[in-house]
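As a plain string of letters, each chain reads:
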Amino acid sequence: MLNKVKAYIHKYHLLDAKKCYLVALSGGADSVCLLLLLKQLGYHIEAAHCNFLLRGEESYRDEHFVKALCETQGVELHTIHFDTKTYSDVHKISIEMAARELRYRYFEQLRQDVEADGICVAHHQDDSIETILINLLRGTGIHGLSGIKPRNGHILRPLLCISRTDIENWLNEKQQGYVTDSTNIEDFTLRNKLRISIIPQLSSTIPSVRENILKSAQHISEATLIYDDYITHTLQKIVIDNTIEIKRLRQEPSPESILYQWLSQYNFPTAVIESISQSLLLPQAGKEWSSPTHQLTIHQGHLTLEELQKPLSELKIPEPGTYIYDEQTKIRIEKKDGIHIDKESNIACLDASIIQFPITLRPVKTGDRFHPFGMKGSKLISDFLTDRGLSIFQKRRTLVLCNNQGQIVWVVGHRPDAHFCITEATKSTLTVSLQ
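Nothing here was measured: the structure is a model prediction, and the numbers come from that model.

Draft legend 1. Structural context of the layout of surface pockets. If you add up the space inside the second largest pocket, you get close to 680 Å³. In this structure, the second largest pocket is lined by 19 residues; those nearest its centre are Q309, K310, L312, D326 and R397. Residues of the lining of the second largest pocket, tallied by class, amount to eight nonpolar, five polar and six charged.

Draft legend 2. Fine view of the packing of aromatic side chains. Summed over the entire model, instances satisfying the criterion amount to six aromatic pairs. On the numbers, 4.9 Å between centres and 55 degrees between planes, the contact of Y8 with Y12 is tilted. When its relative accessible area of 12% is taken as the criterion, Y8 is described as buried. On the basis of relative accessibility, which here comes to 30%, the residue Y12 falls in the partly exposed class. Centre to centre, the rings of Y106 and F107 are 6.0 Å apart; their planes meet at 45 degrees, and the pair counts as tilted. Both residues of the pair, Y106 and F107, count as buried.

Draft legend 3. Up close: the sheet that holds strand 14 (residues 330–337). Read across the open sheet, the four strands follow the order 13-14-22-15; overall the sheet is antiparallel. Of all strands in the sheet, those bounded by a partner on one side alone are strand 13 (321–324) and strand 15 (347–351). Taking the axes of each pair of neighbouring strands and ignoring which way they run, one obtains an average angle of 15 degrees across the sheet. In terms of strand pairing, strand 14 meets strand 22 (residues 428–434) through seven bridges, oriented antiparallel. In the strand pairing of strand 22, K335 is matched with L430.

Draft legend 4. Structural detail: the sheet that holds strand 9 (residues 288–290). What the five strands build is an open sheet, ordered 7-8-11-10-9; its pairing is antiparallel. Edge positions in the sheet fall to strand 7 (239–240) and strand 9, since each has one partner strand and no second. Pairing between strand 8 (residues 243–245) and strand 11 (residues 302–307): three bridges, direction antiparallel. Bridge pairing in strand 11 links E245 to H302. This element, helix 11 (residues 255–263), spans strand 7, strand 8, strand 10 (294–299) and strand 11 of the sheet and lies at about 15 degrees to strand 11. Along the sheet, helix 12 (residues 270–279) makes contact with strand 9, strand 10 and strand 11, crossing strand 9 at roughly 165 degrees.

Draft legend 5. Molecular detail of helix 3 (residues 57–73). Here helix 3 contains 17 residues, and its C-alpha end-to-end distance of 24 Å stays within 8% of the 24 Å for a straight helix at 1.5 Å per residue. Among all positions in helix 3, only E58, S59, D62, E63, V66, L69 and C70 are buried. One face of helix 3 carries all of its buried residues, which in axial projection span an arc of 145 degrees. Of the residues in helix 3, the exposed ones pointing more than 90 degrees away from the buried face are E57, H64, E71 and T72. Buried residues along helix 3 sit in contact with helix 2 (29–40), strand 2 (44–51) and strand 3 (77–81).

Draft legend 6. Focus on the side chain of S203. The residue S203 is located in helix 8 (residues 190–205) in this model. S203 sits in the buried class, given a relative accessible area of 16%. Those residues within four positions of S203 in sequence are excluded, and the remaining contacts are V209 and R210.

Draft legend 7. Local environment of unusual backbone geometry. Geometrically, the link from F357 to P358 is a cis peptide bond, its omega value of 5 degrees lying close to zero. Within the element layout of this structure, P358 appears in the loop between strand 15 and strand 16 (359–363). Within the chain, E115 stands out as a residue other than glycine whose phi angle is a positive 60 degrees. By the secondary structure assignment, E115 is in the loop between helix 5 (95–114) and strand 4 (118–120). Owing to a relative accessible area of 69%, E115 belongs among the exposed residues under this scheme. Despite not being glycine, N267 has its phi angle at roughly 70 degrees, a positive value. Its location among the elements puts N267 in the loop between helix 11 and helix 12.

Draft legend 8. A look at the pattern of salt bridges. Applying the stated criterion across every chain, the model contains 19 salt bridges. For R191, the salt bridge is made with E130, and the minimal N-O distance between the two is 3.2 Å. You can see R191 sitting in helix 8 and its partner E130 sitting in helix 6 (residues 125–137), a full 61 residues away along the chain. The class of E130 is buried, set by a relative accessible area of 2%. A single network of salt bridges, built from pairs that share partners, joins R55, E58, R61, D62 and D181.

Draft legend 9. Examining the pairing of strand 1 (residues 20–24) more closely. For strand 1, the tally of buried residues reaches five of five residues, placing the bulk of the element in the interior. Of the two faces of strand 1, the one lined by C20, L22 and A24 and the one lined by Y21 and V23 are each fully buried. Viewed along the sheet, the connection from strand 1 through helix 2 into strand 2 turns out right-handed. Bridge count for strand 1 against strand 4 is three bridges, and the pairing is parallel. Within the sheet, the bridge partner assigned to L22 lies in strand 4 and is I119.

About the cut-offs
- Residues numbered from 1 in each chain as written.
- Predicted model: local features only at pLDDT ≥ 70, side-chain atom pairs only at ≥ 80, totals over all residues.
- Heavy atoms only, no water.
- 1 Å grid on protein atoms, 1.4 Å probe; cavity = no way out; pocket = protein on both sides within 12 Å on 5 of 7 lines; lining within 4 Å.
- Points joined across faces, edges and corners; volume = space filled by probe spheres on them.
- Nonpolar A, V, L, I, M, F, W, Y, C, P; charged D, E, K, R; others polar.
- Phe/Tyr/Trp six-rings, centres within 6.5 Å; stacked < 30°, edge-to-face > 60°.
- Buried < 20%, exposed > 50% of the residue type's maximum accessible area, 1.4 Å probe, protein only.
- Pairing = 2+ DSSP bridges.
- Helix = DSSP H or I, 4+ residues; strand = E, 2+ residues; numbered from the N terminus.
- Axes fitted to C-alpha atoms, helices over the stretch in contact; angles between N-to-C directions.
- Contact = heavy atoms within 4.5 Å.
- Expected span 1.5 Å × (residues − 1).
- Arc of directions from axis to C-beta.
- Salt bridge = Lys/Arg side-chain N within 4 Å of Asp/Glu carboxyl O.
- Right-handed = clockwise from strand over helix to strand, strands pointing away.

Here it is in structure tokens:
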């Protein structure tokens, strides 16, 4: 047992004898085994225990047990209490998810505080098998079928080479006690049903089912290395400035796989990515999708991705001067005698005599029209911007400057309205620049 864990740690370079590690210690068989094994192997460890206050006296029983164990073993222990039920209600998530978030957030903060190199958790082979089956039942992708990884950032799993039976047998030989979480023997969660009922039934029919699942997961894990390498190199070739040419994407063997790897990192759900993939057959310009953090649209035969933007505000300007529009933008307005002309796109030179203050800088609205300088008649600003090749996201970020009657005098960065432009009769110029 000791040699098997030692070899596994060495194989995956999980631990360094010169560094400190936290052990997540619940008091159950798995975490007790992890603590004792790492101590026997000579690693510098400290323990961390979370009391989620969910099981009444049983929660305090667990806490007393780990305190006594750590005292006996000479291991420093850190404990914390969580009001998990309130956290679950406030954040509208399950108790299980609430406990997970609280636990790992605390572990990471504690790791930084004690300057530990990693957090050791007691996941073992049976946990990996259960995770594989859960992911299979949920329709996960290829990565979900490769099992739990030995390392995930600062989370380390030295016991993935042994089974729950190995752990219990070893503790029994050592005559080492542990506590049992009563909720783990009730089959009201999918994981518990798999552990208590389904996997044992499979094992009675196919005795080698556990070994076969782990062997398949290992094969899939190896295959994902090739898969990830191909996807990474393909994305490097076809993603340019957060855009992908749809025609080029469709030439790949699996456009949906490439889309998934590209967009899942920007929080797009699997169902949304599937919808995007289906839309590639008949791309519709202007169609858009969003995640909690990003947005995607089809524009000029490309998929264009960008971060979600904050709603643009409206700024009233009472007189010439320099004004802050937002954190990145300011507007400067100067009134000058005579005619002044500047052809920079971010500067508008207007006839000051026909523009009355206060003026307003605001985002473009649906139905906005103006008479573009150099063109005949009025035009919807949306159509004008489309003609200039702007995407739907760029159009939404476009600003307009209006006079005191709400008439648009400048589509900022693009074109002034012909009615307010300088003529030979102009006696003073209003220079507006967006910086």
